[in-house]
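# Structural features, examined
One letter stands for each residue in the lines below.
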There are 2 protein chains.
Amino acid sequence: MTWNDTLPTHLQELRRGTAVVASLAALRSPGHGYRLLQTLGDAGINVDANTLYPLLRRLEDQGLLTSEWDTTESRPRKVYRTSADGEQMLDALLTDLEAVRTAIATLTDRGIS
Amino acid sequence: MTWNDTLPTHLQELRRGTAVVASLAALRSPGHGYRLLQTLGDAGINVDANTLYPLLRRLEDQGLLTSEWDTTESRPRKVYRTSADGEQMLDALLTDLEAVRTAIATLTDRGIS
């Protein structure tokens, strides 16, 4: 086993939490799931649809997203938007991500002390 | 349920992957588990010992850390160090973390497009 074999798992772990942050950030402008998938992909965050759709439902259950049905097209689609609670969650997660980044930068410079 | 109730879970997800990055960064200077725990804590990354010790064994199994026994004290202690493969993994994860950061910054500015 080389380090490359375990890279996907480690990348996946690293990205699991960031999909939440990215979704809350992007959905401050309302959008349906497929559009979000494209927006995240364009930004360089490739999330699988089978991961993203359950995530969106979970965030809605947690009150972090609200949704309404867009019925302007032939097939109704659920349009999500980050709620006020979701904004607070986003702030908290962004703060934490920045703290982790600072910590890792410190560790990368200094090593163990 | 308020957003605060789900914050710990989201923070935990966000931090799961970063513990690997932080450990690989810190252990470029060799150290045993307890010392690493302190170093990470000092840097603001609070990892539970029950999470960190299995993680270190897993990273060693994956060839990302090497270890040797420090027998200079009464109780032998395993001293870990980031391997050459671990350095490559660290580089890859840091690159990814930076890409995610850039993506999230873009999304935070722009919202969905």
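In the block above lies the structure referred to throughout.
Let me sum up the structure you'll find in this document.

Our focus in this paragraph is helix α3 (residues 49-61) of chain A. The end-to-end C-alpha distance of α3 of chain A is 18 Å, a good match for the 18 Å that 13 residues give at a rise of 1.5 Å each. Residue Gly-63 of chain A follows α3 of chain A closely and has a positive phi angle near 80°.

In this section: the sheet that holds strand β1 (residues 31-32) of chain A. Paired through backbone hydrogen bonds, the strands of a sheet run either parallel or antiparallel to each other. All names here are of chain A. Here we have 3 strands laid out as an open sheet, ordered β1-β3-β2, and antiparallel in their pairing. The open sheet has two edge strands with one neighbour each: β1 and β2 (65-70). As paired strands, β1 and strand β3 (residues 77-82) are joined by 2 bridges and run antiparallel to one another. Residue pairing for β3: His-32 is matched across the bridge by Val-79. Against the sheet, α3 contacts β2 and β3, and its axis sits at roughly 115° relative to β2.

Right, let's get into the interface of chain B and chain A. Each side of the interface is counted separately: chain B has 49 residues, and chain A has 49 residues. For the side of chain B that touches chain A, the elements supplying multiple residues, two or more each, are α1 (3-26), α2 (33-42) and α4 (84-110) of chain B. A total of 16 residues in the side of chain B that touches chain A trace back to one element, the largest contributor, which is α1 of chain B. Classifying every residue of the side of chain B that touches chain A gives 25 nonpolar, 16 polar and 8 charged.

Laying chain B over chain A is done by rotating through 180° and shifting 0.0 Å along the axis; what remains is an RMSD of 0.0 Å. The superposition operator between the copies reduces to a two-fold rotation axis. Scanning chain B for the C-alpha nearest the rotation axis identifies Leu-14 of chain B, at a separation of 3.6 Å. Both copies present the same face, since 100% of the interface residues in chain B are matched by interface residues at the equivalent positions in chain A.

Parameters and conventions
Residues numbered from 1 in each chain as written. Chains lettered and ligands numbered in written order. Predicted model: local features only at pLDDT ≥ 70, side-chain atom pairs only at ≥ 80, totals over all residues. Helix = DSSP H or I, 4+ residues; strand = E, 2+ residues; numbered from the N terminus. Expected span 1.5 Å × (residues − 1). Pairing = 2+ DSSP bridges. Contact = placed C-beta atoms within 7 Å. Axes fitted to C-alpha atoms, helices over the stretch in contact; angles between N-to-C directions. Nonpolar A, V, L, I, M, F, W, Y, C, P; charged D, E, K, R; others polar. Least-squares fit on C-alpha atoms with pLDDT ≥ 70 in both.

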